[in-house]
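Results of the structural survey
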Amino acid sequence: GSDDASPAGADWRLVLWTLCSVLLPVLITAWCSFQRSRRQLLIRDIFRKSKHDWHYTDLFGSPSYCCVCAQHILRGAFCSCCGLRVCEPCLKKADRRFLCKEIMMRGTAGAPSSMPHHWIRGNVPLCSCCMVCKQQCGTQPKLCDYRCVWCQYTVHDECMVDCLRTEDCTFGEFKDLIIPPYYLSAINQMRKEKRTSYEKVVPYCSKHWMPIMVLANTRSGTNMGEIFLGEFKMLLNPVQVFDLSKIAPAKALQLCTWLPCNAVRVLVCGGDGTVGWVLDAIDEMKIKGQERYIPQVAVLPLGTGNDLSNTLGWGAGYAGEVPVEQILRNVMEADGIKLDRWKVQVTNKGYYNLRKPKVFTMNNYFSVGPDALMALNFHAHREKTPSLFSSRIINKAVYFFYGTKDCLVQECKDLNKKVELELDGERIELPNLEGIIVLNIGYWGGGCRLWEGMGDEPYPLARHDDGLLEVVGVHGSFHCAQIQVKLANPVRLGQAHTVRLILKSSKMPMQVDGEPWAQGPCTVTITHKTHALMLYHSGEQTDDDDASSLSE
């Protein structure tokens, strides 16, 4: 009988061991994930209550040391305003021990016109020099040396003397762009007391001061907007940096009313759509009677359509090749120019049409025909699968696909029989066309100078501030592609102050500044609306022509 019992006992032991070997890893994994989620909740709680702008990273981009325990860390939290880096166990301690950049000075008697440096130890930029001995900082593999979060000056541990701790901060290279915390507290106090004589407050009275506001659309193009928000908060006062996915431009621009008239510069980080959104908010300021506070606008092109930024010299697309400091220098040196903005009114045909006409504001171009059809197809697919369209290359490939598909379909055939065109009230005889494009700016279709074409014929130059629109025709999407690579000229129909286009029959694709729709019979009237104050950067046009003309 004992022989029968032992195999049964062995079977039970085997079952037990199998159960243990299966259950133990499952229990350990469950315990670890429970601990991890608990830890994440604690971290999130600290992030939410903190005055710091903490972010968590699994891998720091450069050698980093915890500001509390001084250990070398690969992952942990960092503050995107003051640059503190900390390991997870020390996060609570760091949050209590270290102050972040103050947006506004608190509890100060009188109106101070200066403030001391705000030093933070360790993790200084690798290429920085000590302000005392002029030797390189941050070279040792440990938590060492200091950086001021306002002026960005760095100092060796051994060069740090007591007088530096109390010395007034100069705000460094970008002092003319930064809004100092003491300025905001002084203005805040004056507003409470209903006083408006801001001229006496430092640096309001400085004639070189041109405070900047950064408005970044984190949803534009790639996710570069996120990175920029942090880098600009590090160099400027965080109050000057706005995330347009969290605050509307109209609300952000109210900061202009705290600042000197005609001095503010706004840097819009995003595509042409984001720029249009900000310019609409600036027009609202004019309506509110805040004309004197209107800022000048510079562009950092992050979106997929960047023809306006290209026209204004800011390039056709930014991919991180220029450091943020250089972008700020470019904004400081840029010249003010005017940009025409136009009102596009679309009135549907029919006696019984009780709907109000559609009204758009145009900065770049209006078109009817193949390029509007491409934009319409592109938009329909982007709505369906937005995750596919985060890269500029994929976007261009999809556009190309729709262009070539259209060559086969020819959905815009015989446009000249379906529309009438009037330039300044004069009817234009149209040749055989598939598309009409009305241009306000020099660039079109991602970096091509449409009005100039191949550049082999004399014609009046296209300008964005002369109150004139350029009107051209295209024979189809293949013709559009030929113009883009300078193998063909457009059909130049003329220049005008007002453009009227009557669509007599059938549905046609139309677009204003890349926003497409399908339109039935109607009358489209384009008239001058207003001027926008823009900033022009003279070093950056991206076009084949400019490169060749420089080398000649």
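Residues numbered from 1 in each chain as written. Predicted model: local features only at pLDDT ≥ 70, side-chain atom pairs only at ≥ 80, totals over all residues. Heavy atoms only, no water.

So, the packing of aromatic side chains
To keep it simple, the criterion reads: Each Phe, Tyr or Trp ring, with Trp reduced to its six-membered ring, pairs with another whose centre is within 6.5 Å; inter-plane angles below 30 degrees give stacked pairs, above 60 give edge-to-face pairs, and intermediate values give tilted ones. Helix and strand definitions follow DSSP, with helices as H or I runs of at least four residues and strands as E runs of at least two, each counted in order from the N terminus. Placement of a positive charge over a ring is assigned whenever Lys NZ or Arg CZ falls within 6 Å of the ring centre and within 35 degrees of the normal to the ring plane.
Enumeration according to the criterion identifies eight aromatic pairs in this entry. Relative to Trp517, the ring of Phe360 has its centre 4.7 Å away and its plane inclined at 20°; by these criteria the two rings are stacked. Taken together, the residues span a long stretch of sequence, with Phe360 in strand 14 (residues 358-362) and Trp517 in strand 25 (residues 515-519) at a distance of 157 residues. Among the aromatic residues, those joined into a ring-pair cluster are Trp150, Phe171 and Tyr182. It is Arg492 that lies over the ring of Trp451; its NZ or CZ is 5.9 Å from the centre.

Remarks on the pairing of strand 21 (residues 469-474)
Put simply, the test is: Summary of the burial criterion: residues with accessible area below 20% of their type's maximum are buried, those above 50% are exposed, and those between are partly exposed, where the area comes from a 1.4 Å probe applied to protein chains only. A strand pair is defined by DSSP finding two or more bridges across the two strands.
Counting buried positions along strand 21 yields six of six residues, so the element is predominantly enclosed. The alternating pattern of strand 21 places Leu469, Val471 and Gly473 on one face and Glu470, Val472 and Val474 on the opposite face, and all of these are buried. Pairing of strand 18 (residues 435-439) with strand 21, which is carried by five bridges, proceeds in the antiparallel orientation. For Ile437, the partnering residue across the bridge sits in strand 21 and is Val472. Note: strand 21 against strand 22 (residues 491-496), five bridges, orientation antiparallel.

Comments concerning helix 5 (residues 224-235)
The line we're drawing: By definition here, a helix of n residues has an expected span of 1.5 Å times n minus one. Note on definitions: a residue-residue contact is assigned when non-hydrogen atoms from the two residues lie within 4.5 Å.
Taking 1.5 Å per residue as the helical rise, helix 5 with its twelve residues ought to reach 16 Å, and the 17 Å between its terminal C-alpha atoms agrees with that figure. For helix 5, every residue scored as buried is listed here: Met224, Gly225, Phe228, Leu229, Gly230, Phe232, Lys233 and Leu235. Those residues of helix 5 hidden inside the fold are in contact with strand 9 (212-216), strand 10 (241-243), strand 11 (265-270), strand 12 (296-301) and helix 9 (324-333).

Some words on the sheet that holds strand 5 (residues 85-86)
Sheet strands pair via backbone hydrogen bonds, and the direction of the pair is either parallel or antiparallel. One open sheet holds the three strands; their spatial order is 1-4-5, and the pairing between them is antiparallel. Two strands close off the open sheet at either side, each with one partner strand: strand 1 (54-57) and strand 5. Of the pairings in the sheet, the one linking strand 1 to strand 4 (residues 76-79) comprises four bridges and is antiparallel in character. Across the sheet, the residue bridging to Trp54 is Cys79, located in strand 4.

Let's talk about the side chain of Asp307
For the record, the criterion: In protein, a polar contact means a hydrogen-donor-capable atom and an acceptor-capable atom, both N or O and within 3.5 Å, with residues adjacent in sequence counting only if both atoms are side-chain atoms; elsewhere, any N or O pair within 3.5 Å suffices.
Structurally, the position occupied by Asp307 is in helix 8 (residues 307-311). Since its relative accessible area comes to 2%, Asp307 is described here as buried. Among the polar contacts made by the side chain of Asp307, one reaches the main-chain amide nitrogen of Gly445 at a distance of 3.3 Å. Apart from the residues lying within four places of it in its own chain, the contact partners of Asp307 are Asp272, Asn364, Tyr365, Ile441, Tyr443, Trp444, Gly445, Gly446 and Gly447.

Description of the pairing of strand 9
Of all five residues that make up strand 9, five are buried, and the element is covered over most of its length. Here strand 9 shows two buried faces, one formed by Ile212, Val214 and Ala216 and the other by Met213 and Leu215. Taken together, the five bridges between strand 9 and strand 11 define a ladder with parallel strand orientation. Its bridge partner lying in strand 11, Leu215 is registered against Val268. With three bridges joining them, strand 9 and strand 10 adopt parallel strand pairing. From the neighbouring strand, Ala216 faces strand 10, where its bridge partner is Asp243.

Thoughts on the sheet that holds strand 15 (residues 365-368)
Cut-off, in case you're wondering: Axis definition: a line fitted to C-alpha atoms, limited for helices to the stretch in contact. Angles are taken between N-to-C directions and run from 0 to 180 degrees.
Ordered by their spatial adjacency, six strands build an open sheet running 22-21-18-15-24-25, and the pairing between neighbours is antiparallel. In this open sheet, the two edge strands, each paired with only one partner strand, are strand 22 and strand 25. Each strand of the sheet is rotated relative to its neighbour by a mean of 15°, with strand direction disregarded. For strand 15 and strand 18, the ladder comprises four bridges, and the chain directions are antiparallel. Each bridged residue has a counterpart across the sheet, and for Val368 the counterpart in strand 18 is Ile436.

So, the UniProt feature "transmembrane region" (unreviewed entry) in the chain
Short version of the rule: UniProt positions are given in the numbering used here, feature names are shortened, and annotations may be inferred rather than shown by experiment.
Summarizing the sequence annotation, UniProt attributes the feature "transmembrane region" (unreviewed entry) to residues 14-34 in the numbering used throughout. Secondary structure across residues 14-34 divides into 100% helix and 0% strand, with the first and last C-alpha atoms of the span separated by 30 Å.

Regarding the pattern of salt bridges
As a working rule, side chains carrying opposite charge can pair if their charged atoms are close by. Worth spelling out the cut-off: Each salt bridge in this description consists of a side-chain nitrogen of Lys or Arg and a carboxyl oxygen of Asp or Glu lying within 4 Å of one another.
Inspection of the entire model under this criterion finds 15 salt bridges. For Asp45, the salt bridge goes to Arg48, with nearest N and O atoms at 3.0 Å. Of this pair, Asp45 and Arg48 are both found in helix 1 (residues 2-49), three residues apart, which corresponds to roughly one turn of the helix. Arg48 gets classed as exposed once you look at its relative accessible area, which sits at 62%. The salt bridge involving Arg195 is made with Glu193; its shortest N-O contact spans 2.8 Å. Owing to a relative accessible area of 40%, Glu193 belongs among the partly exposed residues under this scheme. Salt bridges linked by common partners bring Asp280, Asp283, Lys286, Arg341 and Lys529 together as one network.

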